[in-house]
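Tertiary structure, described
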Amino acid sequence: MPSAKDVQARAEEEGAGSEPPVYGALDLGTNNCRLLVAKKGRSGYRVIDAFSRIVRLGEGLAHTGELSQGAMDRALEALKICAEKMERRGVTRARTIATEACRKAANGAAFIERVERETGLKLDVVTPQDEARLAVSGCAPLLDPECGAALVFDIGGGSTELIWVRRSTRGRAVIEDWTSLPCGVVTLAERFGGVDVTPDIYARMVEYVGEELTEFRSREPMPELKERGFHLLGTSGTVTTIAGVQMGLKRYDRNRVDGAWVEPHSVSSVTRQLLDMSFEERAAHACVGRERADLVLAGCAILEAILDAWPADRLRVADRGLREGILFSLMMEDAPKRKRKRRRRRGRRKKVSAGPANAGSQPETGE
């Protein structure tokens, strides 16, 4: 399997007269390994293949400072499947990224080398800032045009990104401020426990995350953002799980969850429902499952701390994120030069822009 750099070089050599590019976007996180393979469509992109597996790459990292052998083996198995899918689908433009676990682990660089040696995939360990930008780009189409701003958050396995975003006069998502908290569902569950979570343990998790939020809360970039009206936009397994439970879904349905609005008081209701369940009951729930049963309450604690810090009337749920952000960025890079120049001229008059908030709003096929 050629690396992402190889397929990109091959595409450039083939020239403008070749077949439309096939894009690959791979995100290796602390908890999940996810892949999207897509072609550009008339309105966004058309998914032709996808893959998602919980690998828990960051399992035990908070205690040892290193990726464990078992975790690396699980991730490599998933990455080999991704590499095979990318090769079979003829991917010509790709970006393959790794996030917090590989940033933080003492043996992260050695693992990246092993991945390239055994799979041909060259993982790009992104910065927290790039991770925040990609998250916003991926879910920007879900920003409410009736609101002047949104607090976008991505609850990951090893970190949580929070980004204040405003809508420009041209309808683009402009990042005003962001932060990356060193806590995610895996790290929080390992710190406090995730199997038997009592109300007291849960309260301590919420308090811990609240303290982590203090500095970012104190430096809100534009107080008028909230005065103009804002909403929360969450992209993570936590918010999609809560939405599925709140809807009473017997089986998780992305088409119903992605883009759904959830009232904050519903989050508290779902959390109490999950707290009342045993581990086995959570594992048996169709929208939780055994792989997330020991992590879901840690995610709820992070979300509750965010809701406490920034009370909002509405929360929008995004079953999309880094992979979609990668696809949009690759497609923008391939846009005709005239369009790119126009975007650059506009960009000089702006802060950081994460892309159109109303373009490419939906993939043309689901996952």
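Refer to the structure printed above.
The paragraphs below set out a description of the structure included in this document. As the structure is a prediction and not an experimental result, all values here were calculated from the model.

Reading the values: the criteria
- Residues numbered from 1 in each chain as written.
- Predicted model: local features only at pLDDT ≥ 70, side-chain atom pairs only at ≥ 80, totals over all residues.
- Heavy atoms only, no water.
- 1 Å grid on protein atoms, 1.4 Å probe; cavity = no way out; pocket = protein on both sides within 12 Å on 5 of 7 lines; lining within 4 Å.
- Points joined across faces, edges and corners; volume = space filled by probe spheres on them.
- Helix = DSSP H or I, 4+ residues; strand = E, 2+ residues; numbered from the N terminus.
- Nonpolar A, V, L, I, M, F, W, Y, C, P; charged D, E, K, R; others polar.

Focus: the layout of surface pockets
One number sums up the size of the largest pocket: a volume of about 1100 Å³. Lining the largest pocket are 45 residues, with Asn32, Arg34, Ser52, Gly237 and Arg292 sitting closest to its centre. The set of elements that each furnish at least two residues to the lining of the largest pocket consists of strand E2 (32–41), strand E3 (44–54), strand E6 (149–155), helix H10 (237–247) and helix H15 (322–333). In terms of residue count, the dominant contributor to the lining of the largest pocket is E3 (5 residues).

So, empty space enclosed by the protein
This structure, assessed with the given rule, holds 1 cavity of 30 Å³ or more. Its volume calculated, the largest cavity comes out at about 50 Å³. Lining the largest cavity we find Thr30, Gly58, Leu61, Ala62, Glu100, Ala101, Lys104, Gly158 and Thr187. Looking at the lining of the largest cavity, the elements that each hand over two or more residues are helix H2 (61–64) and helix H4 (100–104). Take the lining of the largest cavity: its biggest share by element is 3 residues, from H4. Of the residues in the lining of the largest cavity, the class split is 3 nonpolar, 4 polar and 2 charged.

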